[in-house]
Amino acid sequence: MKPLQTSSGDLNADRRADYAEMLFASGDHAAAAELLLGALELAPQWAMGWFRLGEMQEASGRLDLAAQAWAMSLKLDPTDRQGAALKLQLIGKGPVATAPPSAFVETLFDHYAETFEEMLVGKLDYRFPEFLEHMIRKAEPGRFRLALDLGCGTGLMGERLRPIVDRLEGVDISARMLKKARAKGIYDALTKADLQGFSHSGDKPDLVTSADVLIYIGALDGLVGTVAGLLADDGLFAFSVESLAGDGDFALQPSRRYAHSDGYVRRVLEANGLSILALEPTVIRQDRREPVKGLAVVAGKAHAA
């Protein structure tokens, strides 16, 4: 992701910040940080500027100074649209969180919306919706009455679901992503909502999908419990996670996405009355020319006794 292109509100400060970015791109991280610090003297209330300073200090190896910059960003913007708390956690200077700040996820995808498909499909070789669709068709060859696409984004998963569902509804935290999805005309309804506090009323879906979305939720218990509660009997929950290499249930990665272990996914599904019908290792996408390994899962809700 490129840095968020926000203005400090001060033309001179912005000019210095632009020069700092040029220095940073050339590899002179320490000099870039010094120049950006000068810009922040002119615009001390610029939360995004402090966050970017933290990134520059981190790149130059000065983690204590990075932590100070991120703490200032968080102080100036307690909603944490920049995700400073996650950066602090990653360098051991902040508390461990089980989910990212909602404002960070919303801001990230609002920023990313215009180039989302170009980057994800064109450059990161994202083909997961097609892979998950095949798994769904194998688990349930027939049609679905109502599908709920959680974290629908611009509708990449929805495009694969539309031919096999009678009604398709999408949910996403980003208004700009929903605007892109709406323009495709493939969803019968679209709702802006945060999956961390998500609820659903109305008819129970017999299919719920969440493709490449749970990477922005660490502890899965709440969302899986919600999905299990809203699914119709014999309904399917199809989703992906990034694979955790190492011990533990889940962990925040340097990408500021979460990875989950196979065992944790299995335990959370079982605890909420969902049985695994298929679980396959796969490559979710590329990242910095390296494959991002993950798990594709289709789980079923047993018919109530």
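Refer to the preceding data block for the structure.
It should be emphasised that the depicted structure is a prediction, and the values quoted were computed from it without experimental measurement.

Asker: Which parts of the structure should I look at to understand the pairing of strand β8 (residues 274-287)?
Answerer: Remember that side chains alternate between the two faces of the sheet whenever the strand is regular. In this structure, β8 lies alongside strand β9 (residues 290-301), joined through 12 bridges in antiparallel fashion. Within the sheet, the bridge partner assigned to L274 lies in β9 and is K301. Hairpin geometry of β8 and β9 is characterised by an intervening segment of 2 residues between the two adjacent antiparallel strands and by a positive phi of about 55° at R288.

Asker: I would appreciate a short explanation of the packing of aromatic side chains in the present structure.
Answerer: The relative placement of two aromatic rings is captured by the distance of their centres and the angle of their planes. Evaluated as defined, the whole model comprises 9 aromatic pairs. When the ring of F109 is compared with that of F116, the centres are 6.3 Å apart and the planes differ by 65°; the resulting orientation is edge-to-face. Each of the two residues, F109 as well as F116, counts as buried. Plain terms: the ring middles of F109 and Y216 are 5.3 Å apart, the flat faces sit at 90° to each other, and that makes the pair edge-to-face.

Asker: Is there a simple way to think about helix α12 (residues 262-271) in this case?
Answerer: Every α-helical turn comprises 3.6 residues, leaving residues that sit three or four positions apart pointing alike. The complete set of buried residues in α12 reads Y264, V265, V268 and L269. Down the axis, α12 shows its buried residues gathered within 125° of arc, on one side only. Residues of α12 that are exposed and angled more than 90 degrees away from the buried face: E270 and A271. Those residues of α12 that are buried lie in contact with α11 (221-230), β5 (236-243), β6 (250-252), β7 (258-260), β8 and β9. Among the residues trailing α12, G273 stands out with phi positive, at a value near 75°.

Asker: Honestly, the pattern of salt bridges in this entry has me stumped. Any pointers?
Answerer: Working definition: two side chains of opposite charge can pair if their charged atoms are close together. Under the definition given, this model contains 23 salt bridges. Salt-bridge contacts for R137 lead to E133; the nearest nitrogen and oxygen are separated by 2.6 Å. Highlighted residues: R137 and E133, both in helix α8 (residues 128-139), separated by 4 residues, approximately one helical turn. The class of R137 is partly exposed, set by a relative accessible area of 35%. By relative accessible area, which is 5% here, E133 ends up buried. A salt bridge links D287 to R257, with the shortest nitrogen-to-oxygen separation between them at 3.1 Å. Residue D287 is located in strand β8, and its partner R257 is located in the loop between β6 and β7; the two are separated by 30 residues in the primary sequence. Here R257 falls in the buried class, since its relative accessible area comes to 13%.

Asker: What exactly am I supposed to notice about the nonpolar core here?
Answerer: Among soluble globular proteins, nonpolar side chains are generally buried collectively. Ranked by size, the top nonpolar core spans 42 residues in total, and within it F109, I136, L161, V165 and L207 carry the most contacts. The dominant element in this core, judged by the number of residues it contributes, is helix α6 (residues 102-112), at 5 residues. Sequence-distant contacts of F109, defined by excluding residues within four places in its chain, comprise F116, S174, M177 and Y216. In terms of nonpolar packing, the next biggest core, distinct from the first, is built from 28 residues, V171, L195, F198 and V208 among them.

Asker: Just to check I follow, could you spell out the pairing of β5 for this structure?
Answerer: Of all 8 residues that make up β5, 7 are buried, and the element is covered over most of its length. Bridge count between strand β4 (residues 207-210) and β5: 4 bridges; the pairing is parallel. Across the sheet, residue S210 finds its bridge partner in β5, namely F239. In this region the chain leaves β4, passes through α11 and returns to the parallel neighbour β5; the handedness of that crossover is right-handed. With 7 bridges connecting them, β5 and β9 associate as antiparallel partners. Bridge pairing in β9 links S240 to A296.

Parameters and conventions
- Residues numbered from 1 in each chain as written.
- Predicted model: local features only at pLDDT ≥ 70, side-chain atom pairs only at ≥ 80, totals over all residues.
- Heavy atoms only, no water.
- Pairing = 2+ DSSP bridges.
- Helix = DSSP H or I, 4+ residues; strand = E, 2+ residues; numbered from the N terminus.
- Phe/Tyr/Trp six-rings, centres within 6.5 Å; stacked < 30°, edge-to-face > 60°.
- Buried < 20%, exposed > 50% of the residue type's maximum accessible area, 1.4 Å probe, protein only.
- Arc of directions from axis to C-beta.
- Contact = heavy atoms within 4.5 Å.
- Salt bridge = Lys/Arg side-chain N within 4 Å of Asp/Glu carboxyl O.
- Core = buried A, V, L, I, M, F, W, Y, C linked by side-chain atoms within 4.5 Å.
- Right-handed = clockwise from strand over helix to strand, strands pointing away.

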